There are 2 protein chains.
Amino acid sequence: MTKKPMYYDIYLKIKNMISNGEYAVGDFLPTENDLEKIYRVSRTTIRKVISLLSSDGYIEVKQGSGTRVANFNSTQRFNRVTSISETLRKNNNIVTTKSIFIDTIKPEKKIAEKLKIDVNDDIYRVQRVILANDIPVAIIKNYIHHKFTPKIDKKVNDIKSLYIFLESEYNLRIDSAKDLISAKNSDFIESELLNVDIGTSLMSIERTSFQKNIPITYDESIIRADKYKIEVHTKGR
Amino acid sequence: MTKKPMYYDIYLKIKNMISNGEYAVGDFLPTENDLEKIYRVSRTTIRKVISLLSSDGYIEVKQGSGTRVANFNSTQRFNRVTSISETLRKNNNIVTTKSIFIDTIKPEKKIAEKLKIDVNDDIYRVQRVILANDIPVAIIKNYIHHKFTPKIDKKVNDIKSLYIFLESEYNLRIDSAKDLISAKNSDFIESELLNVDIGTSLMSIERTSFQKNIPITYDESIIRADKYKIEVHTKGR
DNA sequence: AAGTGGTCTAGACCACGAA
DNA sequence: TCGTGGTCTAGACCACTTA
């Protein structure tokens, strides 16, 4: 039983209000002083909330002026850890999930190494196809240790975006990731699931995601290159 | 005159001690309680310092156990702008260039937009094939405005890695880049140049590179997926 | 000048990890 | 059990923006 700190509840509450449009883009949030009163907590707690929302890119904080909801689309967002479904949704696609399937397996050696676990440990395998506007775009497999997400198989219907799900249900906050990007010709199964000809060129992403440098999930994605492109911004030399 | 907060001084001090080896990799830092006493500040200030060092990757914080200096090698390195040839070289490949060719063209509309120039401006087009250990790995086209690299066509033999070349010859220091990564089936010409069957899945990278937010080059790379993978590290959510 | 976020104090109790 | 970092309070004063 994980106990959630207060700031986390408030963080989720405000995040939802932004998503729902209760705080619209450009709106000022209440001042920190007011937020203290609204949620009956100290300034420290409020500032923790503000700092989380800000590092998410939801708000822009300016000393002397105030805190306002950021423009999500035009913001020059540097690389942040996002999922395919989150990105599709941000680009105004209607995102749905087809044939989600969760089972328990023992990891292959490669996956065990990535997750720094034993090959005899039980892990969940989450498999699904992501559709954007009813067109299949990606096949995604997530591998995650039982200890992180007990009974995730009972909650199968709630998963829209895995990272958001992990955050709200299990208090797991992915804060970094390593991706290995490649390409491959589609095989029979991929062609069937993604509705493309056999041999079509597809992108492949292998990702290890971390919370505080501890590996949480290993993800394999196979993506239609005609429907999705990967954007990477790098800085510094 | 900008006044520096206390936490910043302490942050720099500890960062230097780590760089100098006064705190070596694996060493525990003093506890937060002790640091309060050492620097005669409150816990809040110390925790701000710790949080900065941690997000820099210098230290690893673990509740109940302590805070220790992180191993910089195994820590995930941040993305930096690198080229394919630089990366191949770093992985101990012998990198050579085949059939380099430079000409002057007028940009297509798409390229003019990326470089924020006029379609009537003259630009150089640099084309080459990159080999690693004598095996062709990538076809690269670079587009760059005449004004940035006058007479680059006379220096054709000196180019090993374009970014390094730009830096040493023209004092152009690329400091950020935007990549768009996709995949495609190889056509006839690509198959010939890369020595693969027609239809083989290849990676494609379209990059715009910048110096201080001014676009310098637009690059198109076609890469053999069996010889090269793209690594991306992201941080923050 | 008024009001915002930024820094800082001196406490307190809780949750986790190791012995 | 003990010591560590994690959360939280109720104040205070400073630095910046806007009017």
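Residues numbered from 1 in each chain as written. Chains lettered and ligands numbered in written order. Predicted model: local features only at pLDDT ≥ 70, side-chain atom pairs only at ≥ 80, totals over all residues.

### What to know about the packing of helix 2 (residues 32-39) of chain A against helix 3 (residues 43-56) of chain A
Residue and element names in this part refer to chain A. At a minimum axis separation of 9 Å, helix 2 and helix 3 run at an interaxial angle of 110°. Here helix 2 lies roughly perpendicular to helix 3, going by the angle between them. Residues Glu32, Leu35 and Glu36 of helix 2 pack against Arg43, Ile46, Arg47 and Ile50 of helix 3. For the contact of helix 2 with helix 3, the residue count by class is 3 nonpolar, no polar and 4 charged. (Axes fitted to C-alpha atoms, helices over the stretch in contact; angles between N-to-C directions. Helix = DSSP H or I, 4+ residues; strand = E, 2+ residues; numbered from the N terminus. Parallel < 35°, antiparallel > 145°, perpendicular 65-115°, else oblique. Contact = placed C-beta atoms within 7 Å. Nonpolar A, V, L, I, M, F, W, Y, C, P; charged D, E, K, R; others polar.)

### Focus on the nonpolar core
Of all hydrophobic cores here, the largest spans 38 residues; its most connected members are A:Ala138, A:Met203, A:Ile223, B:Ala138, B:Met203 and B:Ile223. Core analysis: the next-biggest nonpolar cluster, separate from the first, contains 17 residues, B:Ile111, B:Ile152, B:Ala177 and B:Tyr218 among them. (Core = buried A, V, L, I, M, F, W, Y, C linked by C-beta atoms within 7 Å. Buried ≥ 20, exposed ≤ 12 C-beta atoms within 10 Å, placed from the backbone.)

### Digging into the protein's contact with DNA strand D
Taken together, 23 residues form the shell around DNA strand D, and within it A:Met6, A:Ser42, A:Thr44, A:Gly64 and B:Thr31 come nearest. Listed by contribution, the elements that provide at least two residues to the surface near DNA strand D are helix 1 (6-20) and helix 3 of chain A together with helix 2 (32-39) and strand 2 (66-69) of chain B. Ranked by residues supplied to the surface near DNA strand D, first place goes to helix 3 of chain A with 3 residues. Looking at side-chain class alone, the surface near DNA strand D contains 5 nonpolar, 13 polar and 5 charged residues. (Near = placed C-beta within 6 Å.)

### Observations concerning the pairing of strand 2 of chain B
Residues and elements named next belong to chain B. Of the two faces of strand 2, the one holding Thr67 and Val69 is buried and the one holding Gly66 and Arg68 is not buried anywhere. Pairing analysis gives 4 bridges linking strand 1 (residues 59-62) to strand 2, with the strands arranged antiparallel. Its bridge partner being in strand 2, Glu60 is matched across the sheet by Arg68. Counting the residues that bridge the hairpin from strand 1 to strand 2 gives 3 residues, and of these Gly64 lies at a positive phi of roughly 85°. (Pairing = 2+ DSSP bridges.)

### Some details on the pairing of strand 4 (residues 123-132) of chain A
Residues and elements named next belong to chain A. With 9 bridges connecting them, strand 3 (residues 95-105) and strand 4 associate as antiparallel partners. Bridge pairing links Lys98 to Val129 in strand 4. As paired elements, strand 4 and strand 5 (residues 135-145) share 10 bridges and run antiparallel to each other. By the bridge assignment for strand 5, Val126 is matched with Asn142. Linking strand 4 to strand 5, which pair antiparallel, is a turn of 2 residues; within it Asn133 sits at a positive phi near 50°.

### Observations concerning the confidence of the model for chain A
Residues at a pLDDT of 70 or more form 93% of chain A, whose mean pLDDT is 87. Across chain A, the secondary-structure element scoring lowest on mean pLDDT is strand 9 (residues 230-235) of chain A, at 79, and the one scoring highest is helix 7 (residues 188-194) of chain A, at 97. (pLDDT = per-residue confidence, 0-100.)

### Comments concerning the interface of chain B and chain A
Accessible area lost upon the coming together of the parts is a frequently used measure of interface size. The interface of chain B with chain A comprises 33 residues on the first partner and 34 residues on the second. Mapped by element, the contributors of at least two residues to the side of chain B that touches chain A are strand 6 (176-185), strand 7 (201-211) and strand 9 (230-235) of chain B. Looking at the side of chain B that touches chain A, the element that brings in the most residues is strand 6 of chain B, giving 10 residues. Across the side of chain B that touches chain A, the residue classes break down as 11 nonpolar, 11 polar and 11 charged. Taken together, the 6 bridges between strand 6 (residues 176-185) of chain A and strand 9 of chain B define a ladder with antiparallel strand orientation. The residue bridging A:Asp179 from the neighbouring strand is B:Val232, located in strand 9 of chain B.

### Details of the domain arrangement of chain A
Its domain assignment divides chain A into domain 1 (6-69) and domain 2 (84-224). The C-alpha-based centres of domain 1 of chain A and domain 2 of chain A are spaced at 31 Å. (Domains from an automatic or database assignment.)

### Here's the deal with the packing of helix 1 of chain A against helix 3 of chain A
Residue and element names in this part refer to chain A. Following both chains from N to C, one finds helix 1 and helix 3 inclined at 50°, their axes separated by 9 Å at the closest point. When the axis of helix 1 is compared with that of helix 3, the two are oblique. Of the two possible hands of crossing, helix 1 and helix 3 adopt the one that is right-handed. For the pair helix 1 and helix 3, contact is made by Met6, Tyr7, Ile10, Tyr11, Ile14 and Lys15 and by Thr45, Lys48, Val49, Leu52 and Leu53, respectively. When the residues that make up the contact of helix 1 with helix 3 are grouped by side-chain class, the tally is 8 nonpolar, 1 polar and 2 charged. (Left-handed = near helix turned anticlockwise from the far one by under 90°.)

### Topic: the protein's contact with DNA strand C
Around DNA strand C sit 24 residues in total, of which A:Thr31, B:Met6, B:Ser42, B:Thr44 and B:Gly64 are the nearest. Among the secondary structure elements, those contributing two or more residues to the surface near DNA strand C are helix 2, helix 3 and strand 2 (66-69) of chain A together with helix 1 (6-20) and helix 3 (43-56) of chain B. Counting residues per element, the surface near DNA strand C draws most heavily on helix 3 of chain B, which supplies 3 residues. Classifying every residue of the surface near DNA strand C by side-chain character gives 5 nonpolar, 13 polar and 6 charged.

### Some points on helix 3 of chain A
Residue and element names in this part refer to chain A. Spanning 14 residues, helix 3 covers 20 Å between terminal C-alpha atoms, matching the ideal 20 Å at 1.5 Å per step. Among the residues of helix 3, Ile46, Val49, Ile50, Leu52 and Leu53 are the ones counted as buried. Seen end-on, helix 3 carries its buried residues on one side only, within an arc spanning 160°. Projecting away from the buried face of helix 3 at angles above 90 degrees are the exposed residues Arg43 and Thr44. Looking at the buried positions of helix 3, the neighbouring elements they touch are helix 1, helix 2, strand 1 (59-62) and strand 2. Just downstream of helix 3, Gly57 is the residue with a positive phi angle, here 90°. (Expected span 1.5 Å × (residues − 1). Arc of directions from axis to C-beta.)

### Observations regarding the environment of B:Asn133
Residue and element names in this part refer to chain B. As for its position among the elements, Asn133 is in the loop between strand 4 (123-132) and strand 5 (135-145). Of the residues examined, Asn133 has 12 C-beta atoms within 10 Å and is grouped as exposed. Taking the C-alpha atoms as reference, Asn133 lies 7.8 Å from Thr96; in sequence the two are 37 residues apart. In contact with Asn133, other than residues within four places in its own chain, are Asn93 and Ile94.

### Digging into helix 6 (residues 162-170) of chain A
Residues and elements named next belong to chain A. Listing the buried residues of helix 6 in full gives Leu162, Tyr163 and Leu166. Buried residues along helix 6 cover an arc of 105° about the axis, so they all sit on one side. Where helix 6 is buried, its residues touch strand 5.

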